[in-house]
Amino acid sequence: SGVAWATYTHCAFTPTPPPPPLPTPAPVPTPPINLCTGVLVDPSGQQDSSTQFQKCINMTKSGGTLSVPIGTYSIGTTVLLHRSITLTSTGATGPGCLSDGASKCAVLRASLALGADNSGVLNLKGTNVVVDHIVIDGNRANRLAGAAASACASGKNNQWGLNINVPGCIGC
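None of the values given here were measured: they were computed from a predicted structure.

(A) Region of interest: the sheet that holds strand β5 (residues 72-75). Overall, parallel pairing links the four strands, which are arranged β3-β5-β8-β11 in an open sheet. Edge positions in the open sheet fall to β3 (44-48) and β11 (134-137), since each of these has one partner strand only. Strand after strand, the sheet turns through a mean of 25 degrees between neighbouring axes, direction not considered. Lying on the sheet, helix α1 (residues 50-59) is in contact with β3, β5 and β8 (106-110); it crosses β5 at an angle near 100 degrees.

The structure is reproduced here in structure tokens:
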């Protein structure tokens, strides 16, 4: 006769406490990549890459090029470019790394361990050394608590905040 019947039952609701938060997962380590033949490096900036960079620079022939894969590399001791080589980011072209629409570039970031001896992240002692499409990050915010900041503040050395040292450069 067109009548529908429904039964309504009132239920009491007791909220249960939320489950505890899941633990924050440990960062997934970035696998090392080849910087040059036989030399692996950490492109995440978590591990010091100074020794690997120096080894690859030493293996690069005079007049040659060391192409650095895109990534961020922690530098804890000064890397010396002592002969004519080009240090560049793999595949980088066009305007500088920080320009709008620019290619991505490798970043050499000073670690807290890098001292304030005026040698910087890179020390260009050779002639005809080219550093192209490489970002040098002095990592100021993290290094303010380190020896470099203390020495700089006292006026003893690195008063100009050098991250690249070019000894004997005229017109730099």
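(B) The packing of aromatic side chains, seen in detail. Scanning the model with the defined rule gives one aromatic pair in all. With 5.2 Å between their ring centres and 70 degrees between their planes, F53 and Y73 make a pair best called edge-to-face. Of this pair, F53 sits in helix α1 while Y73 sits in strand β5; the two residues are 20 residues apart in sequence, bridging distant segments of the chain. Neither residue differs from the other here; F53 and Y73 are each classed as buried.

What counts and what doesn't
- Residues numbered from 1 in each chain as written.
- Predicted model: local features only at pLDDT ≥ 70, side-chain atom pairs only at ≥ 80, totals over all residues.
- Heavy atoms only, no water.
- Pairing = 2+ DSSP bridges.
- Helix = DSSP H or I, 4+ residues; strand = E, 2+ residues; numbered from the N terminus.
- Axes fitted to C-alpha atoms, helices over the stretch in contact; angles between N-to-C directions.
- Contact = heavy atoms within 4.5 Å.
- Phe/Tyr/Trp six-rings, centres within 6.5 Å; stacked < 30°, edge-to-face > 60°.
- Buried < 20%, exposed > 50% of the residue type's maximum accessible area, 1.4 Å probe, protein only.

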